[in-house]
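Architecture and fold: a report
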Amino acid sequence: MMIQFLRACAISAFAAVLALPAAALDIKARQYILMDFQTGTVLEAKNAEERMTPSSMAKLMTSYVVFEALKAGKLSLDDQLTVSRKAWQEGGAASGGSTMFLDPGSKVKVEDLVRGMIIQSGNDACIVLAEGLAGSEEAFAATMNEKAKQLGLTDTHFVNSTGLPDPEQYMSARDRSEEHTSELQSH
């Protein structure tokens, strides 16, 4: 009963927002797109084709690839992976970004790395998982790009598992394919 009430409130709030003129929304994002899921109709957009840094969207793709590997049995939550010097330097405390504060050379359970990646947004955890699955972060990024293509992302390119800025790493708010939108609608 509570879920139905909350759903009705959310739908009402969403409908009220859609009734406002675009200028009244005052969305601060540099890029965005609001699309009707059922029809694929774009309701509102701003710089939707402009390339942007994927930031944590890269971590979502990293998570997706890791969870697929877990499901396929290529990796177990009990496996232990070694923290490389690269993971420590580029993703750890030395980087100044989000981190699990992993020590180089230490072994960490995949379960803890997944938590660190998702809860703490740990860049070091992402790099350790990438290296553990693909041998290097670069090889893992190639896997991420393959998965992006399979998902119908046509304007996305990853070069790392963390989303840390790189001029060759990008995506757009509109990035999707028409057939993928149709596929999602059928589910």
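It should be noted that the structure appears before, not after, this text.
What counts, and where the lines are drawn
- Residues numbered from 1 in each chain as written.
- Predicted model: local features only at pLDDT ≥ 70, side-chain atom pairs only at ≥ 80, totals over all residues.
- Heavy atoms only, no water.
- Phe/Tyr/Trp six-rings, centres within 6.5 Å; stacked < 30°, edge-to-face > 60°.
- Lys NZ or Arg CZ within 6 Å of the ring centre and 35° of its normal.
- Core = buried A, V, L, I, M, F, W, Y, C linked by side-chain atoms within 4.5 Å.
- Buried < 20%, exposed > 50% of the residue type's maximum accessible area, 1.4 Å probe, protein only.
- Helix = DSSP H or I, 4+ residues; strand = E, 2+ residues; numbered from the N terminus.
- Expected span 1.5 Å × (residues − 1).
- Contact = heavy atoms within 4.5 Å.
- Polar contact = N/O pair within 3.5 Å; in protein donor to acceptor, adjacent residues only side chain to side chain.

1. Considerations on the packing of aromatic side chains
For the coordinates displayed, the defined rule picks out zero aromatic pairs. Sitting over the face of the ring of Tyr170, Arg51 holds its NZ or CZ atom 3.7 Å from the ring centroid.

2. Concerning the nonpolar core
Judged by nonpolar contacts, the single largest core of 28 residues is most densely connected at Leu113 and Leu129. Elements that contribute at least two residues to this core include exactly helix 3 (56-72), helix 5 (110-118), helix 6 (123-134) and helix 7 (137-150).

3. Some remarks on helix 7
If you check helix 7, its first and last C-alpha atoms are 20 Å apart, about what 14 residues at 1.5 Å a residue would give, namely 20 Å. Of the residues one or two after helix 7, Gly152 is the one with positive phi, at around 90°.

4. Re the environment of Val110
Among the structural elements, Val110 can be located in helix 5. Residue classification places Val110 among the buried residues on the basis of a relative accessible area of 0%. Along the backbone, Val110 and Leu75 are 35 residues apart, and their C-alpha atoms lie at a distance of 8.1 Å.

5. Focus: the environment of Glu131
Structurally, Glu131 can be placed in helix 6. Residue classification places Glu131 among the buried positions, given a relative accessible area of 16%. Separated by 47 residues in sequence, Glu131 and Ser84 place their C-alpha atoms 8.5 Å apart. The residues contacting Glu131, other than those within four sequence positions of it, are Ser84, Lys86, Ala87, Ser136 and Glu137. Among the polar contacts listed, one links the side chain of Glu131 to the side chain of Ser84, at a separation of 2.7 Å.

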